[in-house]
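# Observations on chain architecture
Read off the chains here:
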Amino acid sequence: MVQQVLTNDDDYYVPDANQLITEDDTPVGNFASAKQQRLLVGSVYSSLQQQAFLAAANVGIYHTDGQPAIVPDLFLSLDVQVHEKWWEKQNRCYMVWRFGKPPEVVLEIVSNKEGDELGKKLQIYEHMRASYYIVYDPNQQLGEKVLHVYELRGRRYFETSENWLEQVGLGITLWEGKFEDRQDTWLRWCYQDGNVLLTGDERAEQEGQRAEQAEQRTQLLAERLQAMGVDPETL
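Below, the structure is looked at part by part. Residue numbers run consecutively from 1 along every chain, following the written order of its sequence. Note on the predicted model: pLDDT of at least 70 is required for a residue's local features to be given, and 80 or more for side-chain atom pairs to be given and counted; whole-chain, interface and lining totals, by contrast, use all residues. Excluded from the side-chain calculation are hydrogens and water; included are all heavy atoms of the structure.

## Brief notes about the side chain of E202
Mapped onto the secondary structure, E202 falls in helix α4 (residues 200–227). The exposure class assigned to E202 is buried, which follows from its relative accessible area of 18%. Here, two residues are considered to be in contact whenever any of their heavy atoms come within 4.5 Å of each other. The contact partners of E202, leaving out residues within four places of it in the chain, are W175, R188 and L197. A run of H or I in DSSP counts as a helix once it spans at least four residues, and a run of E counts as a strand once it spans at least two, with each numbered from the N terminus. For each residue, the accessible area found with a 1.4 Å probe, counting protein chains only, is set against the maximum for its type, and the residue is called buried under 20%, exposed over 50%, and partly exposed in between.

## Regarding the nonpolar core
Within the largest apolar cluster, 24 residues are counted, with the highest numbers of intra-cluster contacts made by V44, L76, V105, L165, V168, L170 and W189. Every element with two or more residues in this core is listed here: α1 (31–47), β3 (53–56), β5 (74–78), β7 (105–109), β8 (132–136), β9 (147–153), β12 (170–179) and β13 (182–190). Ignoring anything within four residues of it in the chain, the contact list for V44 reads F53, A55, L170, W189 and L197. Counting 19 residues, the second largest nonpolar core, distinct from the first, contains Y94, L122, M128 and Y133. Throughout, nonpolar core names a set of buried Ala, Val, Leu, Ile, Met, Phe, Trp, Tyr and Cys residues whose side chains join them through atoms within 4.5 Å.

## Remarks on helix α3 (residues 120–128)
Listed in full, the buried residues belonging to α3 are K121, L122, Y125, E126 and M128. Down the axis of α3, the buried side of the element spans an arc of 160 degrees, and every buried residue falls inside it. Opposite the buried face of α3, at more than 90 degrees from it, the exposed residues are K120, Q123 and H127. In the core, the buried residues of α3 are packed alongside β4 (61–62), β7, β8, β9 and β10 (156–160). In this context, the arc is that of the directions from the helix axis out to the C-beta atoms.

Here you go:
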């Protein structure tokens with residue numbers, strides 16, 4: 001059992017962070033999962049710059065005193081931010097009692113049948129009261145379904161066919177395309193109209209294409225003016 005300390009402000013007890021394991025240097029299991037995590041985390045930070053949130057991959061969540069942390073492949077928590085002194089022990093991972101709430105979304109990427117994503121992990125996230133639990137099973141290790149979405153209703157998770165996460169204001173979708181020079185099917189965040197959240201590279205490429213198209217239109221207009229005997233420089 002983790003010892004508790006009394007805060008200076010009131011009589012509210014919290015676990016002593018110095019006795020918690022905030023990192024154990026366990027590596028990511030495979031290249032595919034690591035790349036998928038980068039896509040999900042990077043795109044949400046690139047696209048939602050005006051909103052306070054915290055998204056992270058392979059960061060532990062402490063949810064219950066006396067229980068070990070659970071480490072989802074990814075989580076998203078709205079209206080919170082990492083503490084300025086993030087190297088201090090109590091700020092290194094997600095402690096529900098410090099942030100005041102669980103993450104809205106937790107996500108697991110299935111790479112084998114050992115993770116028990118639809119059993120023990122589901123129960124933990126349900127008890128933690130994360131609003132949504134997503135299980136992405138790209139190789140169909142757990143059955144025919146590639147994507148499982150669970151929504152918390154009251155005290156229990158219910159699987160839904162709806163990929164729009166109403167309480168988060170984002171959706172998830174399967175997308176065919178290239179990310180970091182790898183053509184594949186990817187799980188991505190999307191808006192309600194189905195458009196995906198862009199990564200920084202995609203945004204830069206899109207802006208470059210727009211600039212090139214604007215330059216082409218300007219050049220075409222100049223050529224038309226010259227054909228009419230009008231010097232574009234005089235306009």
